[in-house]
Amino acid sequence: MRIDVLTLFPRMFEGPLTESILGKAIEKELLEVKVTNFRDFSDNKHQNVDDYPYGGGAGMLLKVQPIDNALTKISEEKPDTKKRVILLDPAGKKFDQKMAEEFSEEEHLVFICGHYEGYDERIRSYVTDEVSLGDYVLTGGELGAMVMIDATVRLLPDVLGNDQSAITDSHSTGLLEHPQYTRPADYKGMEVPEVIRNGNHKLIAEWQLKESLRRTYQRRPEMLDKLEMTKEMTKLLAEVKKEEANK
């Protein structure tokens, strides 16, 4: 996968792109990332990339010209790749695991990180997706882009080393992940449930599914409304609701 990031603050990406999973993915050549300061593409002698809005209003708007020229350069470098161009915008569609999975299927992603009050509306004509981390405003799109890149890249084949772990993550299955334990089996009286220590894989799988349903019911019940329930899940959820009501 190739990822391009257009930003005014390229140094913000130095740490995240060289450490942990992302750094290893780049080392193993599973990922190529290029971070570009789009100020370098300004046709203004002072390299300004923002200007006052027509009609008045608070703040400055990001100009369309530097973004257009930067995107043109990317297309020239990678003319044969289909690009998904993502505009980081508080008004965009909320990013979630499903979107990360969609992005991970793409060959080439381009993230546009804005600053100032907003964008010249014509910039939107160049993008395929307008995306937000959530219902709040950051000082710029850089942190949002880092989160989206991390969530996406970890889903690429061979990046985690164990692709099954990504499949069973919270939100990937439509449920929150079940509780997990490691050794010791007893720590200061807090014991690992016997059912997941007995080696019976059928019972372990049933316990894991039931506890995923329980955790989702307790913490994110609205997720259950979107879930296509099997007969087993319906039965286990009924047990969960009865047990929780009796606590």
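Only a predicted model underlies this, so the values are computations on that prediction, with no experimental measurement involved. (Residues numbered from 1 in each chain as written. Predicted model: local features only at pLDDT ≥ 70, side-chain atom pairs only at ≥ 80, totals over all residues. Heavy atoms only, no water.)

1. Observations regarding the overall build of the chain
Under the convention used in this document: A run of H or I in DSSP counts as a helix once it spans at least four residues, and a run of E counts as a strand once it spans at least two, with each numbered from the N terminus. Residue contacts follow a heavy-atom distance rule, with two residues in contact if any of their heavy atoms lie within 4.5 Å. Computed by Shrake-Rupley with a 1.4 Å probe, the accessible areas treat only the displayed protein chains as cover when residues are assessed. Counted as positive: Lys and Arg. Counted as negative: Asp and Glu, with His and the chain ends omitted from the count. The atom standing in for a charge is NZ when the residue is Lys, CZ when it is Arg, CG when it is Asp and CD when it is Glu.
The secondary structure content of the chain amounts to 7 helices and 10 strands. Along the first, second and third principal axes, the C-alpha atoms of the chain reach 70 × 45 × 35 Å. In the chain, 72% of the contacts between residues at least 6 apart in sequence involve partners at least 24 apart. Total accessible area on the chain is roughly 14,900 Å²; 49% of this is exposed by carbon and sulfur atoms. Taking the average location of the 34 positive side-chain charges in the chain and that of its 45 negative ones, the two points are 5 Å from each other.

2. Quick notes on the pairing of strand 5 (residues 83–94)
Applicable threshold: Any two strands with at least two DSSP-identified bridges between them are counted as paired. Viewed with both strands pointing away, a crossover whose connecting path from the first strand over the helix to the second turns clockwise is right-handed.
Where strand 5 meets strand 6 (residues 108–112), 5 bridges bridge the pair, whose relative direction is parallel. By the bridge assignment, Leu-87 is partnered in strand 6 with Ile-112. In the classification by handedness, the crossover that spans strand 5, the intervening helix 3 (residues 97–104) and the parallel strand 6 is right-handed.

3. A closer look at the sheet that holds strand 2 (residues 32–37)
What counts, and what does not: Structural elements are reduced to axes, namely lines fitted to C-alpha atoms, with helices fitted over the stretch in contact, and the angle between N-to-C directions of any two is expressed from 0 to 180 degrees.
Ordered by their spatial adjacency, 5 strands build an open sheet running 2-1-6-5-8, and the pairing between neighbours is parallel. Bordering the open sheet on either side are strand 2 and strand 8 (129–132), each of which pairs with just one other strand. Looking at each pair of strands side by side, their axes are set apart by 30° on average, direction ignored.

4. Description of the sheet that holds strand 4 (residues 61–62)
Taken together, the 3 strands give an open sheet; going across it, the order is 3-4-7, and neighbouring strands pair in mixed fashion. The strands lining the two open edges of the sheet, one partner per strand, are strand 3 (50–51) and strand 7 (118–119). Summarising the sheet, strand 3 and strand 4 pair through 2 bridges and their orientation is antiparallel. Each bridged residue has a counterpart across the sheet, and for Asp-50 the counterpart in strand 4 is Leu-62.

5. Here we look at the UniProt feature "binding site: S-adenosyl-L-methionine" (unreviewed entry) in the chain
Rules: UniProt positions are given in the numbering used here, feature names are shortened, and annotations may be inferred rather than shown by experiment.
Within this numbering scheme, the UniProt entry marks Gly-114, Leu-133, Gly-134, Asp-135, Tyr-136, Val-137 and Leu-138 as carrying the feature "binding site: S-adenosyl-L-methionine" (unreviewed entry). Among the structural elements, Leu-138 can be located in the loop between strand 8 and helix 4 (142–153). Leaving out residues up to four positions away in the same chain, Leu-138 has contacts with Leu-133, Leu-143 and Gly-144.

6. Quick look at the pattern of salt bridges
The line we're drawing: Should a side-chain nitrogen of Lys or Arg be within 4 Å of a carboxyl oxygen of Asp or Glu, the pair is scored as a salt bridge. Think of it in three bands: residues with accessible area under 20% of the maximum for their type are buried, residues over 50% are exposed, and the middle band is partly exposed, with areas taken using a 1.4 Å probe on protein chains only.
All told, the structure shown has 22 salt bridges when counted by the stated rule. Close ionic contact of Arg-84 with Glu-102 constitutes a salt bridge, the shortest N to O distance being 3.3 Å. Of this pair, Arg-84 sits in strand 5 while Glu-102 sits in helix 3; the two residues are 18 residues apart in sequence, bridging distant segments of the chain. A residue is classified by how much of its surface remains accessible, and Glu-102, at 33% relative accessible area, is partly exposed. Ionic pairing is found between Glu-222 and Arg-220, a salt bridge with its closest N-O pair at 2.4 Å. When its relative accessible area of 36% is taken as the criterion, Glu-222 is described as partly exposed. Given the relative accessible area of 34%, Arg-220 is considered partly exposed. One salt-bridge network, held together by shared partners, links Lys-210, Glu-211, Arg-214, Lys-235, Glu-239, Glu-243, Glu-244 and Lys-247.

7. Considering helix 4
The condition is simple: One fewer than the residue count of a helix, multiplied by 1.5 Å, yields its expected span.
Here helix 4 contains 12 residues, and its C-alpha end-to-end distance of 16 Å stays within 8% of the 16 Å for a straight helix at 1.5 Å per residue. Most of helix 4 is tucked away, with 9 of its 12 residues classed as buried. When helix 4 is considered as a whole, its buried residues turn out to be Glu-142, Gly-144, Ala-145, Met-146, Met-148, Ile-149, Ala-151, Thr-152 and Val-153. Here the buried face of helix 4 lies against strand 1 (2–7), helix 1 (20–27), strand 5, helix 3, strand 6 and strand 8.

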